[in-house]
Structure formats: structure tokens, C-alpha cells
Amino acid sequence: LTGRHYAPVHTYLCDDAETVMVGLGSVCDDVEAVVTYLRARGEKVGLVSVKLLQPFPEAELVAALAGKRAVTVLERSDQTALTQLVSSALFKARENGEAGHARHAGIPAIQAIPTLTTAIFGLGGHDLQPRHLIAAFKAMAGGRGEPLIYLGSQFFAPTDNPRLADLQVRMK
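Note that this is a predicted model, so its numbers are computed, not measured.

A.B. asks: How should the pattern of salt bridges be read in this particular structure?
C.D. replies: Between side chains of opposite charge, a pair can form when the charged atoms approach closely. Counted according to the given criterion, the structure contains five salt bridges. The partner of aspartate 16 in a salt bridge is arginine 39, and the shortest N-O contact between them spans 2.8 Å. Pair noted here: aspartate 16 is in the loop between β1 (9-12) and β2 (19-24) and arginine 39 is in helix α1 (residues 27-40), with a separation of 23 residues, a long-range link. Residue classification places aspartate 16 among the partly exposed positions, given a relative accessible area of 41%. In this structure, the salt-bridge partner of arginine 103 is glutamate 95, at a minimum N-O distance of 2.0 Å. For arginine 103, a relative accessible area of 53% puts it in the exposed group.

Below, the structure written as C-alpha cells:
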């Protein structure tokens, strides 16, 4: 009627992507712009935008992430609910691949789970800039699969206060 297409998962330039970000909500608009920028420079990157949480579209997500080398899940808080849902879907798909039959009905089998990173952003009102997303894509492409990263948050800053400088050194 309206010409709109509704699906529980939308993909953007994922078909031949090696590294992919998974997001939920308005952050996907920013990631889409960065994906377009990096694609113009020859990078094989993509975006999976989750549009439905319950019931979580495990089969659609697994199909979109099958064969990818690395995946970063974008989380707007330190409660990593989306990462847990993505991880669970990938584990079920891998278990289907190992079992040789569909132990988890409706979820396609995969032979390998991509390197998974959780990227928390927006804490303390800090903005997520395109440069932060570019850095996360570069880290995935470089094989640096940290399990947890923070995007846009600055925990350490130059200071003239010797006590604070000493504390920052000890925390690093």
C-alpha cells in the first residue's frame, strides 16, 4: 500500500562484506554513512540494522552474518542486551552446524562464528563521531578482536594535576 518494506532485519552492503556492525535504532543511520564512505575507499564493510527485538529474529540475523570474519555489536549502554541476543543466535547456528541437523529449528547452520566485539557508546552524553566508527571498522579489519571496546568516551585526559595524572597512570 505505502511501498515501504518492513523486515525484522535490514542489511546494508552486507553481501560481500568481511566486517559488519550490528546496531539498533538511530545509530544505524550514522553507521550507514560510514559504510558508504569506507566502501568508496574499497573496504568490504557492512551494516545489519535490527528492527525487531521480540521475538528476536535469530534466523534473519544469522543469515546476514554467515561467512563474516568479524562483527561489532553497538550498544547504547553498558547493559549489553543486543550482544547477548546476537551471541545466542550465533551459538545456536554453530551448534546446528556441528550437530549436522537442525537442533535449533529455523536457524541456519554456520561453520564458524565471526570474531565478536561489543562496542559501548554514548556513555556520559559523549557523542559518537564517524571517526570512532571508522576506527572500530579498522580494528576489525586488522584482526584486533577485543571483546569489549568503548566508542567516543574519553577516560583519560591530559591534566596539570599531579595527583590525577598519577591516578590515570595507575589505571592504565
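So that's the structure; there's more coming.
A.B. asks: Where do I start with helix α3 (residues 81-99) in this structure?
C.D. replies: In an α-helix, one turn spans 3.6 residues; hence positions three or four apart end up facing the same way. For α3, with 19 residues, the first-to-last C-alpha span of 27 Å sits near the 27 Å given by 1.5 Å per residue. Buried residues along α3 sit in contact with β2, β3 (45-50), α2 (58-65), β4 (70-75) and β5 (115-121).

A.B. asks: How do you make sense of the packing of α1 against helix α4 (residues 130-141) when you look at a structure like this?
C.D. replies: The description of two helices packed together rests on the angle between their axes and the distance between the axes. Relative orientation of the contacting elements α1 and α4 amounts to 60°, with a least axis distance of 10 Å. When the axis of α1 is compared with that of α4, the two are oblique. Of the two possible hands of crossing, α1 and α4 adopt the one that is right-handed. In this structure, α1 contributes Asp30, Val31, Val34, Val35, Tyr37 and Leu38 to the contact, and α4 contributes Pro130, Leu133, Ile134 and Phe137. Per-class residue counts for the contact of α1 with α4 are nine nonpolar, no polar and one charged.

A.B. asks: Would you take a moment to explain α1 for this structure?
C.D. replies: Between its first and last C-alpha, α1 extends 20 Å over 14 residues, near the 20 Å set by a 1.5 Å rise per residue. Buried residues of α1: Val27, Cys28, Val31, Val34, Val35 and Leu38, and no others. Viewed along the axis of α1, the buried residues span an arc of 120°, placing them on a single side of the element. Residues of α1 that are exposed and point over 90 degrees away from its buried face: Asp29 and Ala40. Against the buried residues of α1 lie β1, β2, β3, β4, β5 and α4. A positive backbone phi angle near 90° is found at glycine 42, which sits one or two residues after α1.

About the cut-offs
Residues numbered from 1 in each chain as written. Predicted model: local features only at pLDDT ≥ 70, side-chain atom pairs only at ≥ 80, totals over all residues. Heavy atoms only, no water. Salt bridge = Lys/Arg side-chain N within 4 Å of Asp/Glu carboxyl O. Helix = DSSP H or I, 4+ residues; strand = E, 2+ residues; numbered from the N terminus. Buried < 20%, exposed > 50% of the residue type's maximum accessible area, 1.4 Å probe, protein only. Expected span 1.5 Å × (residues − 1). Contact = heavy atoms within 4.5 Å. Axes fitted to C-alpha atoms, helices over the stretch in contact; angles between N-to-C directions. Parallel < 35°, antiparallel > 145°, perpendicular 65-115°, else oblique. Left-handed = near helix turned anticlockwise from the far one by under 90°. Nonpolar A, V, L, I, M, F, W, Y, C, P; charged D, E, K, R; others polar. Arc of directions from axis to C-beta.

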